[in-house]
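The chain contents come next:
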Amino acid sequence: MSAYIVYQDQLPGLFRLWAKIYKVHVPVQTAPGFYDFAPWEPGGEVAWDYDLTVNPLKRFLLPPREDLVVFDARDYTAKGVFEAPQQLLFGVHPYDLRAVAQLDQLMEHGSPDKNYRRRRDNTVIFAMEPLRIAPDAFWSTMGAGRADIGFDLYWTKIGPATFFVEVGTARGEELLLAGGEVERASAAHHEAARRTREATRRHADAHGLKFPWQELARVMAKAWDDSIWREKSSMCLACGSCNLVCPTCYCFDIREEMDETMTRGRRWRQWDACMLPSFALVAGGHNFRAKHLERYRHRYFRKGKYIFDMIGEPGCVGCGRCIKACTARIANPLTVFNRLWEEYA
Amino acid sequence: MTPGKDFTPYAPRPATLVRKVRLSDFVTLFEFEQDNGRPLAHKPGQFIQVSVYGVGEAPFSISSRPKAGTNSFEIAVRNIGSVTSALHALPVGAKVGIRGPFGSYFPVQEFVGKDTLFVAGGLGYIPLRSLLRYQLRHRDEFGRIMLLIGTRSPSERIFVDEIEKLSQRDDIEVMETVDCVGDSCWQGNVGVITTLLPKVRLDVENTYVAMVGPPVMYRFVIGACVGDQCISPERIYVSLERKMKCGLGKCGHCQINGVSACVSGPVFRYTDIEPLKEAL
Ligand SMILES: Cc1cc2nc3c(=O)[nH]c(=O)nc-3n(C[C@H](O)[C@H](O)[C@H](O)COP(=O)(O)OP(=O)(O)OC[C@H]3O[C@@H](n4cnc5c(N)ncnc54)[C@H](O)[C@@H]3O)c2cc1C
Ligand code: SF4
Ligand code: SF4
Ligand code: FES
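Per-chain numbering applies: the sequence of each chain, read as written, is numbered from 1 onward. Written order decides the labels, with chains lettered from A and ligands numbered from 1. The model is predicted, so local features are restricted to residues of pLDDT at least 70 and side-chain atom pairs to those at 80 or more, both for listing and for counting; the totals for chains, interfaces and linings are taken over all residues. Side-chain calculation: all heavy atoms of the structure are included, whereas hydrogens and water are not.

What follows is about the pairing of strand β7 (residues 123-128) of chain A. Residue and element names in this part refer to chain A. Of all 6 residues in β7, 6 are buried, a share of seventy percent or more. Residues T123, I125 and A127 point to one face of β7 and V124, F126 and M128 to the other, with burial holding for every one of them. Sheet analysis places strand β6 (residues 87-92) next to β7, joined by 5 bridges and oriented parallel. Considered in β7, the bridge of L88 is made with V124. Any two strands are treated as partners once DSSP identifies two or more bridges connecting them. To qualify as a helix, a DSSP run of H or I must reach at least 4 residues; to qualify as a strand, a run of E must reach at least 2; elements of each kind are numbered from the N terminus. Sheet topology places β7 next to strand β8 (residues 153-159); 3 bridges connect them, and they run parallel. Looking at the pairing, A127 lines up with Y154 of β8. In this scheme, a residue with accessible area under 20% of its type's maximum is buried, one over 50% is exposed, and one in between is partly exposed, where area comes from a 1.4 Å probe on protein chains only.

Structural data, given as structure tokens:
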């Protein structure tokens, strides 16, 4: 795979070029210690050393609310709506990339989701090796520390102002070379990048799962009646924050609204959350997961088993966002998985 | 028809209401015709999503048998919420939007040459009716057909005339019961549906069961044995309802453990859902 060397001072020029075609989003600091992706602005600061953004990438690919259909109630005709802006996401960490790769598979599985596909096709992803690791993160031990697919370019900072840039797609390479010649990486650069990544990995591996993630589904299979579900869920506020911030949660509701003429309207999907009491509630008042315990357990089974069984990897990439988002302090997948391992290994 | 570039499974197609028949205080039969003139091309046990624009969309089992050469089909709806009450308010000639058919179905070919025991609890007759009418239409291909119906009270019975006619035929055995009589002049069986089971003589080795009703009913019937012979769980098919939104295996609402009820179901072979903790 070809690789290039880019120096910090080349970046403003490249960003300006990319911004002509794409809406470019970069990590920025939003408050001390808080980061998020925001539209790139000339002269704006990029938070190169962010540890975790508050929001995952799913909002770029599966927006909180997305129109699916416009309809006309007079003749009952309906038409699909596909919105797919050209966007470039710069500085994506591997665990978030992994989550996107999962969404790619799950949205394609069975009946391919055209709305997702079109957004994804128009989205360029420039991944970046993390320079810092969030205290709650455990992605490295979830197998999400290194992404080998799903990026157009992969950036690794190998010197104070030097980036090693690995090519993932032809589109990525073209964008990199759009401004003219770029230095080719030498064997020494390759070696420097390898060492940087190894150091990150060593650091990241120090905290996390106490067992190989490959064992997760097998452990979960024994854990249905475990007491941990009651223990943890007894404090659950059923707020759905853990779903909201999770890069791999993608459940949605479908809603609609008429316009002011009461003749035409639109139907959209919007994020839903399996932790909310209404999620499996049906007409007549029956609720298929009425208890906090049932909903809490379902979320962990989706992450640890159901998605695993479908795609061969856990539906949790270990970003740690839910840990931070949960005010009840119970949404830590690591605590749950490690304890189940101790009980059922 | 090859779907165009902007085809989306989320866009309903128009259909027109051509007939409405009141089945009970709360349940109405609706016959629709697809405006595109094509047959619905469903299989017995499948469902469609029906839209009333401005109100929403809800899943309903297709109650009529598959019919080639006609664009008409039937659903039967209990008036219980926003979409269902909007449907009840529609006049003949009004339009709705439909998506589907979706989901799994009763494996009709497997039933050929065998006996079929239909067990319908509550509104379970609605989805079973599609398979039943198909079998009656191709009567020679199937063995005995037995229909057990259980309803809470006489006033909640649906398809009363149709079932009356069926019970007069000699190529189908019909038995009906109600849980409690109330103040009506019901003369038939009283008791839950499982009390009918000992009254049917089954060739258990040769019988398939198609069962739709509340989960408690499933548990009782599945455990049931006739004499010392038990119905093999591999030949029991049930239909499971869940909250459904997309019908495409994406939105997550209908999940039973790791299984999407809208794609792998609603019709399941009992042995396939037996290991699923959330199924029954
Ligand atoms: C596969 C399947 C087949 C069904 N077949 C029939 C049938 O033949 N006849 C019949 O009367 N009913 C049937 N139902 C139940 C029927 O879908 C609900 O009664 C209906 O969705 C209620 O919608 P509502 O808008 O009137 O109620 P509201 O309570 O206002 O519901 C709002 C929305 O929630 C969702 N929802 C609520 N209840 C259900 C439910 N039970 N299942 C799925 N989604 C729900 C729907 O999207 C609905 O539009 C079936 C359900 C499923 C899943
Ligand atoms: S479950 Fe929590 S740690 Fe795992 S991917 Fe989702 S938000 Fe991140
Ligand atoms: S964030 Fe915490 S309190 Fe809120 S639903 Fe999730 S587990 Fe429950
Ligand atoms: S109804 Fe959406 S996944 Fe089944």
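Read on for the rest.
This brings us to the site of ligand 1. Looking at ligand 1, there are 22 residues lining it, with B:E57, B:P59, B:R78, B:S82 and B:T84 nearest. For each residue, the test is whether any non-hydrogen atom lies within 4 Å of the molecule or strand; if one does, the residue is near. One chain alone does not account for the residues near ligand 1; they come from chains A and B. B:V83 places a main-chain nitrogen or oxygen 2.8 Å from an oxygen atom of ligand 1. Only the protein chains shown count as cover for residues, with accessible areas throughout obtained via the Shrake-Rupley method and a probe of 1.4 Å. Calculation on ligand 1 without its partners gives an accessible area of 810 Å², and the protein chains cover 87% of this total. Looking at the shell around ligand 1, the elements that each hand over two or more residues are β4 (56-61), β5 (72-78) and α1 (82-88) of chain B. Ranked by the residues each element gives to the shell around ligand 1, the list is headed by β4(B), at 5 residues. As used in this structure description, the phrase polar contact means that two N or O atoms lie within 3.5 Å; if the pair is within protein, one of them must be able to donate a hydrogen and the other to accept it, and residues adjacent in sequence are counted only when both atoms belong to side chains.

All names here are of chain A. Any Lys or Arg side-chain nitrogen found within 4 Å of a carboxyl oxygen on Asp or Glu counts as a salt bridge. Within the structure shown, the criterion is met by 47 salt bridges over all chains. E166 serves as the salt-bridge partner of R197, at 3.0 Å between the closest nitrogen and oxygen. Residue R197 is found in helix α6 (residues 187-205), and its partner E166 is found in strand β9 (residues 162-167); the two are separated by 31 residues along the sequence. Judged by relative accessible area, R197 falls into the buried class, the value being 12%. Across the salt bridge formed by R267 and E256, the nearest N and O atoms sit 2.5 Å from each other.

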